[in-house]
Structures are given as structure tokens and as C-alpha cells.
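Coordinate analysis (summary)
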Amino acid sequence: MSENSSLPAVSVVICSYSEDRWDRLIGALDSVRTQTFPPMQTIVVVDYNVDLYKRLIFSVPDAVIVENTGPKGLSGARNTGAGIAKAEIVAFLDDDAEAEPDWLERLAAMYDDPEVLAVGGRVEPLWEAGRPGHFANELDWIVGCTYRGMPKVAAEVRNVIGANMSFRANVLERVGGFNTALGRQDAVPLGCEETELCIRAVIGAPGSRVVYEPAALVHHHVPAERGTLRYMLARSWGEGISKAQVSRVVGHKRALGPERRYVRQVLPRAVFAGIRGWLGGRDRAGLGRAAAIIAVLAATATGYVRGRRLPAAPSPAKAAAVSPEEPWREVK
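Cut-off values and rules
- Residues numbered from 1 in each chain as written.
- Predicted model: local features only at pLDDT ≥ 70, side-chain atom pairs only at ≥ 80, totals over all residues.
- Heavy atoms only, no water.
- Helix = DSSP H or I, 4+ residues; strand = E, 2+ residues; numbered from the N terminus.
- Buried < 20%, exposed > 50% of the residue type's maximum accessible area, 1.4 Å probe, protein only.
- Contact = heavy atoms within 4.5 Å.
- Areas by Shrake-Rupley, 256 points an atom, 1.4 Å probe, with all protein chains shown as cover.
- Polar contact = N/O pair within 3.5 Å; in protein donor to acceptor, adjacent residues only side chain to side chain.
- Phe/Tyr/Trp six-rings, centres within 6.5 Å; stacked < 30°, edge-to-face > 60°.
- Lys NZ or Arg CZ within 6 Å of the ring centre and 35° of its normal.
- Pairing = 2+ DSSP bridges.
- Salt bridge = Lys/Arg side-chain N within 4 Å of Asp/Glu carboxyl O.

Re the overall build of the protein chain
Of the regular secondary structure elements, the protein chain holds ten helices and nine strands. When the 332 residues of the protein chain are sorted by exposure, 55% land in the buried category. Within the protein chain, counting contacts between residues at least 6 apart in sequence, those at least 24 apart form 76% of the total. Taken as a whole, the protein chain presents about 14,600 Å² of accessible surface, with 54% of it coming from carbon and sulfur.

Structure below.
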């Protein structure tokens, strides 16, 4: 690793919206406090929850506590945090994730290349009740984690994962931040705002790139209910809608390039492996896992078709004008 003194300064942004996740949020903050490369500042953005904001003000004196000043939702909260960040690099950590001690050091080291606009890291699931037998590693994107099929060493990628990502501050400013017409609204399982932002950033800076560094590791808490088939299908449906909205903004080819390889290569191998294991008696859950993969693929495709019929998501500038009381009004 590089000497800490040579690394760019980092501001960490954690967004939160519910007191129900208080213990997880404190765990996330504790993991930032123990970094081998301490951040210049830690910012907690509260998304329209006055009680949570007041509790944080009195309980967390070593972080900057602010309320979301943008449209309600994760994208608006992230933009609020990025807007007050003072460091050259802005890193984002989910409020239910905990970073390894060298997380920031690993992320920051990748910015020694001026062509790198964003760096993301590996996200490992921490299953509250253990990984369900029907939940394939290839589907870990459903719970916001690194999935089988992603690079095992540092590599250029299309986009980072939201629970563990960082950007140059001037890149966020240049592209207008996250599109607030995309992304999670409270617990509604929509997403893809990171994908759309990364694509826009690279389009605006030819020759630049986004990097995935699996050595920069965070652990993401996964509640038991997110391992159910019902949640898997709901999240897949939301992902399909979100991908359709992104494709309307940045183009079909840019929005779906990696997904084509994933669907053609990664998922078929997983389905056949599950069936073979079940038939051979080595994997009793193999058939259920294969069936879940097929169901998730169908739900995602159906959501995508539905999303293509909805009005296009507005540009970031127009989305910023959406009232907090009207979050993602295109999706009913």
C-alpha cells in the first residue's frame, strides 16, 4: 500500500432514513472511526426523519449531521452529503454496512491514476439468518452485494456498487450528482442511480474509467426477509424498471452491456450447476436455486418491459426540481 501521506483526502457520506436501523448505523460509524486512513470528515445525511436527526445530533458528536436538502430518497441524500464534503474524494457507505479497517486506504490508493473517476469495492453479505439454500451467489446483487461473475482482481468496470463506492468530488459536481428520479425511496427496492451516474461521468470524460477494487471490502447486513423469494422477485422487478429508466437516459447499449454477458454466460452456468448437483445428490437445494434464478430473470425482464413503457426519467437538473412529496412520481 501507498504511504498514507500520499493519498488524497476522503470525506465519507452515510445516508440514513429510519431509526429502526440505528444499531446498524452506529456500527457503520464505528467502522469508519477505526480506518487505517482516517477520513477528513464523516457526514451523516438524514432523509426526512426529524427524530433520527435529533437523536444523531445528541449522540454522534464526531460526525457532521445534516438533513437532506434535496428531493426525498437516497439520491437526494447522497447529493446533499456530496455538496458539503470538503475532501478531494467522496466515499459512500451504506448505513447497514461495516467497512474493513483498510477500506478507505484501498479506495484512495486507486486514485493515483488521474484517469480514474470512481472506485468501488467488494460488498460481502452478512446474512441475518444464514444464506437461504435457494439464493445463489450469482444473485447477490439483489441484496446490494458483489455477485459471482464480477472480477476477482482490480479491474475497469461500468459502474460501482452503491454500498461501497467513491468518486472524485469534481466529477460529482461536473455531472450534476445522482439523478434523483432514480434510486431508493424509503424501502422501495428501486436502484441503478450509481450505474447511470458512472455512465454519464465516463461519457463526459473520454479516456477515463471506473475501477472495481475487491480488496476494499465492506460487509453488508442482509435481513432475513430479503432472502425470501417474494423479496427477490420484488427487487428484480424494481431492477428491471430501473434499468429501463437508465436506458432511456444513457442509451440501451450503455445501460445493458454487462447484463448481456451476465445473462448469456453467468446465469446459465449457475442454473446447470444447480440442476447437476441436485441430480447427483450432492446439492439438495440445487433445483430450488436453479428455479429461483429463472424466476428472478423473468421478473427482471418483465420489469424492464414495463419500465420501457413508463415516461422517461428526467435529467439530473430536472429531477432536482421534483418536490420531496412527489418521489419518483413516474412509477406507480
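Now that the structure has been shown, we can carry on.
Notes on the side chain of Ser11
Relative to the helices and strands, Ser11 is located in strand S1 (residues 10-16). Residue Ser11 is classed as buried on the basis of its relative accessible area of 0%. Of the polar contacts made by the side chain of Ser11, one reaches the backbone nitrogen of Ala87; its length is 3.2 Å. Those residues within four positions of Ser11 in sequence are excluded, and the remaining contacts are Gln41, Ala85, Lys86, Ala87, Ile89, Val90 and Ala91.

Some thoughts on the packing of aromatic side chains
As enumerated under the stated definition, the model contains five aromatic pairs in all. Taken together, a centroid distance of 4.9 Å and an interplanar angle of 70° make the contact between Trp127 and Phe135 edge-to-face. The pair formed by Trp127 and Phe135 is uniform in burial state, with each residue classed as buried. Grouped by ring-pair contacts, the aromatic residues Phe92, Phe167 and Phe178 constitute a single cluster. Note that Arg78 overlies the ring of Phe178, its terminal NZ or CZ placed 5.4 Å from the centroid.

Some thoughts on the pairing of strand S6 (residues 116-127)
By the criterion of burial, S6 is predominantly enclosed, with nine of the twelve residues buried. As judged from the eleven bridges shared by S6 and strand S9 (residues 209-222), these two strands associate in the parallel manner. Within S9, the residue paired with Pro125 across the bridge is His220. In this sheet, strand S8 (residues 164-168) lies alongside S6 in antiparallel orientation, the contact comprising three bridges. The residue of S8 that forms the bridge with Gly120 is Met165.

Quick word on the pattern of salt bridges
Opposite charge on two side chains lets them pair, provided their charged atoms get close. This structure, assessed with the given rule, holds 20 salt bridges. With a closest N to O distance of 3.1 Å, Arg21 and Asp96 form a salt bridge. Residue Arg21 is located in the loop between S1 and helix H1 (22-33), and its partner Asp96 is located in the loop between strand S4 (89-93) and strand S5 (97-99); the two are separated by 75 residues in the primary sequence. Across the pair, exposure class does not vary: Arg21 and Asp96 are buried alike. Between Glu193 and Arg78 there is a salt bridge; the shortest N-O distance is 2.9 Å. A residue pair is termed long-range when its members are at least 10 positions apart, and Glu193 in helix H6 (residues 193-203) and Arg78 in helix H3 (residues 74-84) qualify at 115 residues. Each member of the pair Glu193 and Arg78 is classed as buried. By sharing partners, the salt bridges in this structure join Arg158, Arg235, Glu239, Lys243 and Glu259 into a single network.

Section: the side chain of Arg168
Within the secondary structure layout, Arg168 lies in strand S8. Here Glu88 takes part through its side chain, which lies 3.5 Å from a polar atom of the side chain of Arg168. Contacts of Arg168, omitting those with residues within four sequence positions, involve Glu88, Ile89, Tyr111, Asp113, Pro114, Val116 and Leu117.

Geometric descriptors of this kind do not, in isolation, establish any biological role.
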